[in-house]
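# Summary of the model geometry
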Amino acid sequence: MTLPKVYANKIDKNIKNNNDYFHAERHHPAKDVNELKSYFDSNGYANRLNVSITTKDGTSNEKLILCKDDSFITINNKKIAFKDILDFEVKK
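Keep in mind that what you see is a predicted model, and the values were worked out from it rather than measured.

As for its placement among the helices and strands, Phe40 is situated in the loop between helix H1 (33–37) and strand E1 (45–55). Judged by relative accessible area, Phe40 falls into the buried class, the value being 9%. Leave out the neighbours within four places in its chain, and Phe40 touches Tyr45, Ala46, Leu49, Leu64, Ile65, Leu66, Cys67 and Phe72.

Set out below in structure tokens:
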């Protein structure tokens, strides 16, 4: 059995068939905090609302008990400002 004849061209130019791919950080818009405020009563209290909150500092699981004018208060007396909240998920 004989091999087929192969012809190879001499390449005189730069071939750009290898593309560079860049993966940028996706910008997720912050969730509306009013959705989280709806779990609180008219006085600003909730009965230990379990929430996973993503802030500028990172993600943490918190139990929210109070909603003030510009922040939430956790059961450990930690204050979480509305402007720092990027994402949240209410746990059941």
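Across the protein, the average pLDDT comes to 85, with 85% of residues at or above 70. Within the protein, no element has a lower average pLDDT than H1, which sits at 89, and none a higher one than strand E3 (residues 71–74), at 94.

Within this structure, the stated rule accounts for 2 salt bridges. Residues Lys56 and Asp84 are paired through a salt bridge, measuring 3.7 Å at the closest nitrogen-oxygen approach. With Lys56 in the loop between E1 and strand E2 (58–67) and Asp84 in the loop between strand E4 (79–81) and strand E5 (85–90), the pair connects residues that are 28 residues apart, well separated along the chain. For Lys56, a relative accessible area of 58% corresponds to the exposed category. Glu62 serves as the salt-bridge partner of Lys78, at 3.3 Å between the closest nitrogen and oxygen.

Conventions used here
- Residues numbered from 1 in each chain as written.
- Predicted model: local features only at pLDDT ≥ 70, side-chain atom pairs only at ≥ 80, totals over all residues.
- Heavy atoms only, no water.
- Helix = DSSP H or I, 4+ residues; strand = E, 2+ residues; numbered from the N terminus.
- Buried < 20%, exposed > 50% of the residue type's maximum accessible area, 1.4 Å probe, protein only.
- Contact = heavy atoms within 4.5 Å.
- pLDDT = per-residue confidence, 0-100.
- Salt bridge = Lys/Arg side-chain N within 4 Å of Asp/Glu carboxyl O.

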